[in-house]
Amino acid sequence: IQEYVRKWTSMKTSGITENHRFQDYRPREVSAVPSNVPSPIPSLSSSPTQLSQKEILQELYNSLGGTNWNCCTDWFAESVPVCSYTNIACTNGAISTIVLKDVNLIGTIPTVIGLLSHLEELGLDHGLIV
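Here we summarise the structure given alongside this text.

Here is what the cut-offs are and how they apply
Residues numbered from 1 in each chain as written. Predicted model: local features only at pLDDT ≥ 70, side-chain atom pairs only at ≥ 80, totals over all residues. Heavy atoms only, no water. Disulfide = S-S within 2.5 Å. Buried < 20%, exposed > 50% of the residue type's maximum accessible area, 1.4 Å probe, protein only. Core = buried A, V, L, I, M, F, W, Y, C linked by side-chain atoms within 4.5 Å. Helix = DSSP H or I, 4+ residues; strand = E, 2+ residues; numbered from the N terminus. Contact = heavy atoms within 4.5 Å. Pairing = 2+ DSSP bridges.

Structural notes on the state of the cysteines
Then, number 1: Inspection of the entire model under this criterion finds 2 disulfides.
Then, number 2: The disulfide partner of Cys71 is Cys72, and the S-S distance across this bridge is 2.3 Å. Taking the sign of the S-S torsion, -55° for the link of Cys71 and Cys72, the bridge is left-handed. Of the two residues examined, Cys71 and Cys72, each falls in the buried class.
Then, number 3: Between Cys83 and Cys90 runs a disulfide, and the two sulfur atoms are separated by 2.1 Å. Between Cys83 and Cys90, the disulfide has an S-S torsion of -95° and is therefore left-handed.

Re the nonpolar core
Then, number 1: Grouped together as the largest cluster of nonpolar side chains are 22 residues, with contacts concentrated most on Leu57, Leu60, Trp69, Trp75, Ile98 and Leu100.
Then, number 2: The set of elements that each furnish at least two residues to this core consists of helix 2 (53-63) and strand 2 (94-99).
Then, number 3: The residues contacting Trp69, other than those within four sequence positions of it, are Leu60, Tyr61, Leu64, Trp75, Leu100, Val103, Asn104 and Leu105.

Quick word on the pairing of strand 2
Then, number 1: Counting buried positions over the 6 residues of strand 2 gives 5, a clear majority of the element.
Then, number 2: The pairing of strand 1 (residues 88-91) with strand 2 spans 4 bridges and is antiparallel. Along strand 2, the bridge assignment pairs Ile88 with Ile98.
Then, number 3: Between the end of strand 1 and the start of strand 2, which pair antiparallel, lie 2 residues, with Asn92 showing a positive phi angle near 55°.
Then, number 4: Relative to strand 4 (residues 121-123), strand 2 runs parallel, the two being bridged by 3 bridges. What sits directly across from Thr97, in strand 4, is Glu121.

Below, the structure written as C-alpha cells:
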C-alpha cells in the first residue's frame, strides 16, 4: 500500500492528468512463497479432497504413534463404520469430534486433518505432540 500511495503522490505532483491510466502504477502482486518451495501438504496421487474419512484417520493414527495408543483398538476394523470408532463422533455421517485424551500420543498432527470439514472438536491432550 505504501508503494501505491507513493506512486500516486508522485503522479499528482508531476502533473499527470486524471485520464492517465492509473492502474499501470499499481504494484504488481508478488507471491510470498517462491515456486521452488515444496508445499507443506503432502502430495497425493488423487485430489486431497477425495481422501475418505477413514484414510484421514489412518494418517492421524500413523502420525501420532497409534500403535502405542492405549485405546481405539476398533479403528480400521472392516466391520466397524468410522462413525462408530472409539473416541469419534459424527454428525450426519461426517466426523465432527475426535477426542484422544490420555492415550499416549507421540508425533505430529498431519495436515490432512484439515480436510475433515465438519470437525468441530479435536481433543489431543496429554501427549508429546510436536
